[in-house]
Amino acid sequence: MNPDNPDRINFRKRPQQERSIQRVDVILSVAAALIAEKGVSATKMTELATVAAIPIGSVYQYFPDKAAIVRALLERHSSRIRQKVGEAFAFVASLDHAIELVCSMIDWYYREFRSDPAYIGVWLGTDIDRDILQLNIQHSNRVAEIFLESIRPFLPAESRIDLEARTQLFSHLIGASIRFAIVSEDEMALRMLYELKQVIRVTLLAEPAQ
């Protein structure tokens, strides 16, 4: 994989016709299943084409390499999360309300994706490729922006919080913590997420020390 060429993680050719859209959906569905079973590194384009019963040339017609497939799967997950976050924070009533919404989103995130076998494989795959990792960071930052805009009207004028920096930091930490919980034993995962929510309640909007 060549990390100096970001175009490689995008569609080579975006599907337009219904038949092409269906073919791409098959490629992504098979890729998700293989990644869930083997992980990103062990998933091969040739095996993907064989399992999908699609000529390898047709796979490369849409995806320049495996990173582009991971990117497409990652964007599916990311879009789903951002939509849920946007809906959850559309009607924030107070800072306390916003904090509780963050905690409820943690519970939703864990429940929703713990049962999705392809999810953790795709997200772990972001760590092996610099361009995909950047997409993951951009996703975390967009989630932070949604939260930031929802609470800005409720912040006191004298607040000294560097809110942009703090929300981006917490967005990334929350995502990483939930992914760690997803690969942990369920009882310990719930204990860790409880502690995470306690930390968030105490620190997320706490004013910095003098």
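These figures come from a predicted structure and were not determined experimentally.

J.: Would you mind showing me how to read the nonpolar core here?
T.: Across soluble globular proteins, you tend to see nonpolar side chains buried next to one another. If you look at the biggest cluster of nonpolar residues, it comprises 62 residues, and the most contacted ones within it are Phe 63, Ile 69 and Ile 200. A total of 10 residues in this core trace back to one element, the largest contributor, which is helix α5 (residues 95-114). Setting aside its immediate chain neighbours within four residues, Ile 200 contacts Ile 99, Val 102, Ile 106, Phe 170 and Ile 174.

J.: Explain the side chain of Ser 184 to me, please; I cannot follow it from the model alone.
T.: You can see Ser 184 is positioned in the loop between α8 (163-182) and α9 (186-203). When sequence neighbours within four positions are dropped, the list of residues in contact with Ser 184 reads Arg 114, Ala 189 and Met 192.

J.: When you look at unusual backbone geometry in this model, what are you seeing that I'm missing?
T.: In most cases, non-glycine residues show a negative phi, while peptide bonds are predominantly trans. Of note in the backbone geometry, Ala 53 takes a positive phi value of approximately 60° without being a glycine. Take Ala 53: it is sitting in the loop between α2 (45-52) and α3 (56-62). Since its relative accessible area comes to 67%, Ala 53 is described here as exposed.

J.: Looking at this model, I keep getting lost on the pattern of salt bridges. Mind explaining?
T.: Following the criterion strictly, the structure yields nine salt bridges and no others. Between Glu 100 and Arg 201 there is a salt bridge, and its shortest N-O distance comes to 2.9 Å. Taken together, the residues Glu 100 in helix α5 and Arg 201 in helix α9 connect sequence positions 101 residues apart. The partner of Arg 152 in a salt bridge is Glu 149, with the nearest N and O atoms 3.2 Å apart. Judged by its relative accessible area of 43%, Arg 152 is partly exposed.

J.: Sorry if this is basic, but what is going on with the side chain of Arg 179 here?
T.: The topology assignment puts Arg 179 in helix α8. By relative accessible area, which is 12% here, Arg 179 ends up buried.

J.: Teacher, can you tell me more about helix α7 (residues 130-151) here?
T.: What sets the pattern is the α-helix's 3.6 residues per turn: residues three or four places apart point alike. Its 22 residues place the ends of α7 32 Å apart at the C-alpha level, agreeing with the 32 Å of an ideal helix rising 1.5 Å per residue. Taken together, the buried positions of α7 are Asp 131, Ile 132, Leu 135, Asn 136, His 139, Ser 140, Val 143, Ala 144, Phe 147, Leu 148, Ser 150 and Ile 151.

J.: I'm lost on the packing of helix α1 (residues 18-38) against helix α4 (residues 66-88) in this one. Help?
T.: The description of two helices packed together rests on the angle between their axes and the distance between the axes. One way to put it is that α1 packs onto α4 with a least axis distance of 10 Å and a crossing angle of 90°. As judged from the angle between their axes, α1 and α4 are roughly perpendicular. Across the interface between the two elements, Asp 25, Ile 27, Leu 28, Ala 31, Ala 32 and Ile 35 from α1 touch Ile 69, Val 70, Ala 72, Leu 73 and Arg 76 from α4. Its residues assigned to classes, the contact of α1 with α4 shows nine nonpolar, no polar and two charged.

The rules behind these values
- Residues numbered from 1 in each chain as written.
- Predicted model: local features only at pLDDT ≥ 70, side-chain atom pairs only at ≥ 80, totals over all residues.
- Heavy atoms only, no water.
- Core = buried A, V, L, I, M, F, W, Y, C linked by side-chain atoms within 4.5 Å.
- Buried < 20%, exposed > 50% of the residue type's maximum accessible area, 1.4 Å probe, protein only.
- Helix = DSSP H or I, 4+ residues; strand = E, 2+ residues; numbered from the N terminus.
- Contact = heavy atoms within 4.5 Å.
- Salt bridge = Lys/Arg side-chain N within 4 Å of Asp/Glu carboxyl O.
- Expected span 1.5 Å × (residues − 1).
- Axes fitted to C-alpha atoms, helices over the stretch in contact; angles between N-to-C directions.
- Parallel < 35°, antiparallel > 145°, perpendicular 65-115°, else oblique.
- Nonpolar A, V, L, I, M, F, W, Y, C, P; charged D, E, K, R; others polar.

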